[in-house]
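Inside the fold
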Amino acid sequence: MHQDNPAHRIEALVRPSVRRLPLYDPGADPRKLGTPTVTKLSNCENPLGMSPAAAAMLARQGGAGLERYPDPSGRALRQLIGGQLDIDPARIILGNGSENILELLCLALLDPQDRVVTQQPCFSLHESLPLMMGAQVDKVPLNDDFSLNLPAWAAALQPPAKMLMLSTPCNPVGTALSPVELTELVAAAHPDTLLVIDEAYFEFVEDGADALAILGAQTRPWIILRTFSKAYGLAGLRIGYGIASHPSLIDALHRVRTPYNVNQPAQEAAQAAWLDQAHVVRSREFITIERQRLTQGLQAAGFRVAPSQANFLFIDTARNALEVVEELLKDGIIVKAWREPGYTGFIRVSLGLAEQNQAFLASLQRAVAALAG
Ligand SMILES: *Cc1c(COP(=O)(O)O)cnc(C)c1O
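Predicted, not measured: the structure shown is a model, and the values here were computed from it.

What to know about the packing of aromatic side chains
Tallied over the full model, the rule gives twelve aromatic pairs. On the basis of an interplanar angle of 35° and a centroid distance of 5.9 Å, the ring pair of F314 and Y343 is categorised as tilted. Taken together, the residues F314 in strand β10 (residues 312–316) and Y343 in the loop between β12 (336–337) and β13 (346–350) connect sequence positions 29 residues apart. Here F314 and Y343 have matching classes, each one buried. In this structure an aromatic cluster arises from ring pairing among F146, F314, W338, Y343 and F346. Its guanidinium or amino end placed over the ring of F312, R348 lies 5.9 Å from that ring's centre, counting from NZ or CZ.

This is the structure in structure tokens:
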């Protein structure tokens, strides 16, 4: 049956758990959009760009030394981060984006009989990477007001899970865990469940749990993931880091990674960006103002918006989000339609510059009117 169809022959070679995987949805491709202006608000990038210090460093460096492999241990950056956070650098790992560290965790820890508990709605990789390993993924729904359903979490964690994966602030919702929520979540998990707390939007939080302090007081295994892609504005370079409870977890991740997974310009620009905290502060302040302004505008226009502490908003359009996204594309505005059950009316929009956020709000109102009429 496979003989005469090349696609079928290849499919038969692919692991069943990979065959069933959904493809990652990056949102519409801005390079393919035929409108005069393109406003890309689909990937939670920093509208202020990277730190000027990092940009200057990359320009000065100008590609020198790229004939050499990068430092496979990322020593200088790990020491810089460890020194600042008072963490042994042996407990820190770099990744080709923090997504890469999520992948390494799944490669190193998950067998097909293992179970991972995450949330619904969730960051797609928190589901797809465990599925790639053939593991079972249980998703705990949020309450209607977007808060954590702690009894449902406790029930899901009652049979010991291998891993708990959760982002705070949560992608796509934007809500951050409170100290009480994180403490109760930790208490509900079996002491041998690895806690993976994804803090990709950590730098934007104004009022939330200090995960490093709360988990740091535990003897159980945990890892916190952060990135240079969001507040630091270096998404294109691909670099993130993880802080683990113990160096032995980092050792396991080193075994499954490719040796030169983090390129040298990324390692060096990340150091410059880390040392320029003024840019992070400027970015957080800018995002806070725009987030308040756009939230108020959306609410005044009758939309329900989740309370966000990140650089994006999760909006209930009260209609098929795919149709809304298509309408917005006519104005050159790219946002993401959510596809998980219970959230197919929601879009996630990243905060852009003030005029981009204004254009988005006007376009959304036009889109909804067009779809109603
Ligand atoms: C953006 C994002 C990441 C990571 O991005 P990298 O660019 O790979 O560092 C990780 N987790 C969540 C929840 C994100 O939204």
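Anyway, onward from the coordinates.
Some points on the packing of helix α13 (residues 321–330) against helix α14 (residues 354–372)
Their axes nearest at 9 Å, the elements α13 and α14 cross at an angle of 125°. Considering their axes alone, α13 and α14 lie oblique with respect to each other. Between α13 and α14 the crossing geometry is right-handed. Between α13 and α14, the contacting residues are E323, V324, E327, L328 and K330 on the first element and F360, S363, L364, R366, A367, A370 and L371 on the second.

What to know about the site of the ligand
Looking at the ligand, there are 13 residues lining it, with D198, Y201, T227, S229 and K230 nearest. E99 is positioned with one of its backbone polar atoms (N or O) 3.0 Å from an oxygen atom of the ligand. Here an oxygen atom of the ligand sits 2.6 Å away from a polar atom, N or O, in the side chain of Y201. In isolation the ligand offers 390 Å² of accessible surface; the protein chains occlude 95% of this area. Judged by the proximity of its atoms to the pocket grid, the ligand belongs to the largest pocket.

Comments concerning the pairing of strand β3 (residues 115–120)
Within β3, six of the six residues are buried, which leaves the element mostly enclosed by the surrounding structure. Bridge analysis of β3 against strand β4 (residues 136–141) gives six bridges, and the strand direction is parallel. Of the residues in β4, the one forming a bridge with V116 is V137. Remark: the β3/helix α6 (residues 124–132)/β4 crossover connection has right-handed handedness. In this structure, β3 lies alongside strand β5 (residues 163–167), joined through two bridges in parallel fashion. Looking at β5, one finds that V117 is bridged to L164.

As for empty space enclosed by the protein
Going through the model one piece at a time under the given rule, you end up with two cavities of 30 Å³ or more. Roughly 90 Å³ of volume is contained in the largest cavity. Considering the residues around the largest cavity, the lining is formed by 15 residues, among which P72, S73, L94, R257 and N261 are closest to the centre. Its residues placed into classes, the lining of the largest cavity shows seven nonpolar, five polar and three charged. The computed volume of the second largest cavity comes to approximately 30 Å³. Lining the second largest cavity, in full, are T118, Q119, C122, F123, H126, M165, L166, S167, C170 and N171. Breaking the lining of the second largest cavity down by element, the ones donating at least two residues are β3 and β5. Top element by residues in the lining of the second largest cavity is β5. It accounts for three residues.

Side note on the side chain of S42
Its location among the elements puts S42 in the loop between β1 (39–40) and α3 (52–61). We classify S42 as buried; its relative accessible area is 0%. There is a polar contact of 3.1 Å between the side chain of S42 and the side chain of N43. When near neighbours in sequence (up to four residues on either side) are disregarded, S42 contacts P26, I334, V335, K336, R348 and S350.

Description of the pairing of β10
With five of five residues buried, β10 lies mostly within the body of the structure. Residue alternation in β10 divides its side chains into two sets, F312, F314 and D316 and L313 and I315, and both sets are buried. The sheet contact formed by strand β9 (residues 304–305) and β10 spans two bridges and is antiparallel. Paired with V305 across the two strands is I315, which belongs to β10. The pairing of β10 with β13 spans five bridges and is classified as antiparallel. Residue L313 lies in a different strand from β13, and its bridge partner there is V349.

Reading the values: rules and limits
- Residues numbered from 1 in each chain as written.
- Predicted model: local features only at pLDDT ≥ 70, side-chain atom pairs only at ≥ 80, totals over all residues.
- Heavy atoms only, no water.
- Phe/Tyr/Trp six-rings, centres within 6.5 Å; stacked < 30°, edge-to-face > 60°.
- Helix = DSSP H or I, 4+ residues; strand = E, 2+ residues; numbered from the N terminus.
- Buried < 20%, exposed > 50% of the residue type's maximum accessible area, 1.4 Å probe, protein only.
- Lys NZ or Arg CZ within 6 Å of the ring centre and 35° of its normal.
- Axes fitted to C-alpha atoms, helices over the stretch in contact; angles between N-to-C directions.
- Parallel < 35°, antiparallel > 145°, perpendicular 65-115°, else oblique.
- Left-handed = near helix turned anticlockwise from the far one by under 90°.
- Contact = heavy atoms within 4.5 Å.
- Near = heavy atom within 4 Å.
- Polar contact = N/O pair within 3.5 Å; in protein donor to acceptor, adjacent residues only side chain to side chain.
- Areas by Shrake-Rupley, 256 points an atom, 1.4 Å probe, with all protein chains shown as cover.
- 1 Å grid on protein atoms, 1.4 Å probe; cavity = no way out; pocket = protein on both sides within 12 Å on 5 of 7 lines; lining within 4 Å.
- Sits in = over half its atoms within 2 Å of the grid points.
- Pairing = 2+ DSSP bridges.
- Right-handed = clockwise from strand over helix to strand, strands pointing away.
- Points joined across faces, edges and corners; volume = space filled by probe spheres on them.
- Nonpolar A, V, L, I, M, F, W, Y, C, P; charged D, E, K, R; others polar.

Read these as layout, nothing more, since geometry by itself doesn't imply function.
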